[in-house]
Amino acid sequence: MGSRNVIIFGSQWGDEGKGKIVDWLTESVGGVVRFQGGHNAGHTLVIGGRKQVLRLIPSGMLRPDVICYIGNGVVVSPEALTKEIDELKASGVDPEPRLRVSGSCPLILPSHVALDQAREARRGNAKIGTTGRGIGPAYEDKVARRAVRVNDLRDPAGFRARVTDLMEYHNFLLTKYYGAEALDPNAVADEVLGYSDRILPMVHDVPALLAAAMARGENLLFEGAQGVLLDVDHGTYPFVTSSNCSAGAAAAGAGVGPGALHFVLGIVKAYTTRVGGGPFPTELSDAIGARLAEKGNEFGSVTGRPRRCGWIDAPALKRAIQLNGVGGLCITKLDVLDGLERVKLCVGYEVDGERVDLLPFGAEAVARCEPVYEEMPGWSENTFGLTDYDALPTNARRYIERISTLVGAPIDIVSTGPDRDQTILLRHPFA
Ligand code: GDP
Ligand code: IMO
Ligand code: MG
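Since we're looking at a predicted model, the values are computed, not measured.

### Observations concerning the site of ligand 1
- Close to ligand 1 lie 18 residues; Lys18, Gly42, Thr44, Asp335 and Ser415 are nearest.
- The backbone of glutamate 16 places a nitrogen or oxygen atom 3.1 Å from an oxygen atom of ligand 1.
- Here an oxygen atom of ligand 1 sits 2.7 Å away from a polar atom, N or O, in the main chain of glycine 42.
- In isolation ligand 1 has 580 Å² of accessible area, and contact with the protein removes 93% of it.
- Sorting the residues of the shell around ligand 1 by element identifies α1 (18–25) and β3 (43–47) as the ones contributing at least two each.

Okay, here's the thing in structure tokens:
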């Protein structure tokens, strides 16, 4: 049997429940690959009632024997990575023997964090609401060809020289442009080099390992972080992250050919959430929004910020499906809608008096979209924890099926609770 490789990506503004589904699907794979983003991601996994938050480490780590790869498209903070490893160790999982980090990953330095925060402060009310983890500045340095990368840690003297050079530029920006404090280049180099002994043993030629795994017939899962509406090209620019979070990024961000990717599964929350700034057409600032936030426990797993909540948005999902070549969808957090008398679905937008049925690009265009809703009766029954599609209340099934019809994609999986086992399977992505 040849290997079958599946990409999972977020179809909204992140936090769709990708981590839960990746973890659940790891039963079918030899490896899980992260290909973009960094520790701006926060993925909560619950297994047998035990909760674990992963940020940089792929969501395959809690399944023994699954190899976890951090591809070249990911920006790596040595501090965050070692901290996460230690947290996992404290909870009884040793990630080190199963983690493979690409030497081509750009490093996030303390000065990237300082720049991220100084920029946000400068923007004032127009701030993006970043996670403040240095993600944007690290990607800027990557494309500007001045980044230091994981492999550079192999030559400490060369690393120090490159960091000193880079810090001259960072400090110029920090002090002269942002009026912030300079950082000591030697202290930064010392700090980062201090993680070398922990990180270098995990550094491998990831593309070669992935090719070998595929040659052995192993299945791989490519785990997207964030969501397509935060994609730097396709999202609500400039209120986006700094990487491509769409499925197409998996090949370049891991080092495999596009032909090695066989199926794209989009993860969709049964409603919509967003953390940080930027337009959100179906946002609810009323009691229902508050209820979704409370019942869905919608607080950022990285920054703890409350997530903004709203109704499901079909024109946005259609765009996500179009941009990502989706083969099937997984609807998560259906249980959070339990007990609502009526549920609303955004089926299109009014833009300057005209009807539009696909999310436009960029924040300004999205801000002009007035949602047009369709209402459906809700359900009073509990769906929490159900594992059988036929056991779902009729109205819940109608809601799911209506989403599928509106967006033109099949629903393959339904998630009814945070735990690994609280999942309904209709069609297996690895089948
Ligand atoms: P990710 O970033 O896409 O991996 O999503 P997060 O982990 O940041 O946010 C999803 C949150 O919803 C987490 O706290 C999960 O434990 C939880 N969750 C996932 N699926 C379900 C579900 O079907 N029902 C409920 N109630 N919670 C879920
Ligand atoms: P997961 O993988 C939700 C948001 C931030 C901010 C914008 C830019 O858990 O779905 P950044 O720090 O990336 O420069 O911030 O992107 N953001 C996320 N929102 N889930 C995430 O990841 C996010 N990662 C970044 O809130 O609005
Ligand atoms: Mg998250």
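Following the structure, the description resumes.
### Some thoughts on the coordination of the magnesium ion (ligand 3)
- The coordination sphere of the magnesium ion (ligand 3) contains the protein donors Asp15 (OD) and Gly42 (O), at a distance range of 2.0 to 2.2 Å. Of this pair, aspartate 15 sits in the loop between β1 (5–10) and α1 while glycine 42 sits in the loop between β2 (31–34) and β3, and the two are 27 residues apart along the sequence.
- By relative accessible area, which is 9% here, glycine 42 ends up buried.

### Side note on the domain arrangement of the chain
- Along its sequence, the chain is organised into domain 1 (1–103 + 205–431) and domain 2 (110–197).
- On a C-alpha basis, the centroid separation for the pair domain 1 and domain 2 is 29 Å.
- If you look at the interface, domain 1 gives 26 residues, while domain 2 gives 18 residues.
- Here domain 1 and domain 2 share zero salt bridges between them.
- The tally of links from domain 1 across to domain 2 stands at six residue pairs in polar contact (both at pLDDT 80 or more).
- Elements represented by at least two residues in the side of domain 1 that touches domain 2 include exactly α2 (78–90) and β6 (99–102).

### Quick notes on the pattern of salt bridges
- Overall, the coordinates contain 23 salt bridges when judged by the stated rule.
- Between glutamate 87 and lysine 83 there is a salt bridge; the shortest N-O distance is 3.8 Å. Note that glutamate 87 and lysine 83 are positioned in helix α2 at a spacing of four residues, about one turn of the helix.
- Glutamate 87 sits in the partly exposed class, given a relative accessible area of 30%.
- Between glutamate 283 and arginine 308 there is a salt bridge; the shortest N-O distance is 2.9 Å. Residue glutamate 283 is found in the loop between β10 (272–274) and α10 (287–295), and its partner arginine 308 is found in strand β11 (residues 308–310); the two are separated by 25 residues along the sequence.
- Note on glutamate 283: relative accessible area 31%, which makes it partly exposed.

### A word on the site of ligand 2
- Around ligand 2 sit 20 residues in total, of which Asp15, Lys18, Thr131, Gln226 and Thr241 are the nearest.
- Asparagine 40 is positioned with one of its side-chain polar atoms (N or O) 2.9 Å from an oxygen atom of ligand 2.
- Here an oxygen atom of ligand 2 sits 2.6 Å away from a polar atom, N or O, in the side chain of threonine 241.
- Contact with the protein chains removes 97% of the 550 Å² of surface that ligand 2 exposes when unbound.
- In terms of residue class, the shell around ligand 2 is built from seven nonpolar, ten polar and three charged.
- Taken domain by domain, the makeup of the shell around ligand 2 includes at least three residues from each of domain 1 (1–103 + 205–431) and domain 2 (110–197).

### With respect to the packing of aromatic side chains
- What the rule picks out here adds up to three aromatic pairs.
- Between tyrosine 177 and tyrosine 178, the ring centres sit 4.9 Å apart and the planes meet at 90°, which makes this aromatic pair edge-to-face.
- Positioned above the aromatic ring of tyrosine 177 is the side chain of arginine 122, whose terminal nitrogen or guanidinium carbon lies 4.6 Å from the ring centre.

### Section: the sheet that holds strand β8 (residues 220–223)
- The ten strands are arranged β7-β6-β5-β2-β8-β1-β9-β13-β17-β18 in an open sheet whose pairing can be described as mixed. Each edge of the open sheet carries a strand with a single partner, namely β7 (203–204) and β18 (423–425).
- The sheet strands contacting α1 are β1, β2, β8, β9 (263–269), β13 (328–332), β17 (411–415) and β18, and the helix crosses β1 at an angle near 165°.

### Digging into the nonpolar core
- Among the nonpolar cores identified, the biggest contains 72 residues, and Leu210, Phe222, Leu334, Leu337 and Tyr399 are the most heavily contacted of them.
- When neighbours within four sequence positions are excluded, leucine 334 is seen to be in contact with Ala270, Trp379, Thr383, Leu392, Ala396, Tyr399, Ile400, Val414 and Ser415.
- With 50 residues, the next largest nonpolar core counts Leu45, Leu81, Leu109 and Ile199 among its residues.

### Thoughts on the side chain of glutamine 422
- Note on placement: glutamine 422 falls in the loop between β17 and β18.
- Residue classification places glutamine 422 among the buried residues on the basis of a relative accessible area of 15%.
- Other than its neighbours up to four places away in sequence, glutamine 422 contacts Lys20, Phe384, Gly385, Leu386, Ser415, Thr416 and Gly417.

What counts, and at which threshold
Residues numbered from 1 in each chain as written. Chains lettered and ligands numbered in written order. Predicted model: local features only at pLDDT ≥ 70, side-chain atom pairs only at ≥ 80, totals over all residues. Heavy atoms only, no water. Near = heavy atom within 4 Å. Polar contact = N/O pair within 3.5 Å; in protein donor to acceptor, adjacent residues only side chain to side chain. Areas by Shrake-Rupley, 256 points an atom, 1.4 Å probe, with all protein chains shown as cover. Helix = DSSP H or I, 4+ residues; strand = E, 2+ residues; numbered from the N terminus. Donors = N, O, S within 2.8 Å, 3.2 Å for Na, K, Ca; no water. Buried < 20%, exposed > 50% of the residue type's maximum accessible area, 1.4 Å probe, protein only. Domains from an automatic or database assignment. Contact = heavy atoms within 4.5 Å. Salt bridge = Lys/Arg side-chain N within 4 Å of Asp/Glu carboxyl O. Nonpolar A, V, L, I, M, F, W, Y, C, P; charged D, E, K, R; others polar. Phe/Tyr/Trp six-rings, centres within 6.5 Å; stacked < 30°, edge-to-face > 60°. Lys NZ or Arg CZ within 6 Å of the ring centre and 35° of its normal. Pairing = 2+ DSSP bridges. Axes fitted to C-alpha atoms, helices over the stretch in contact; angles between N-to-C directions. Core = buried A, V, L, I, M, F, W, Y, C linked by side-chain atoms within 4.5 Å.

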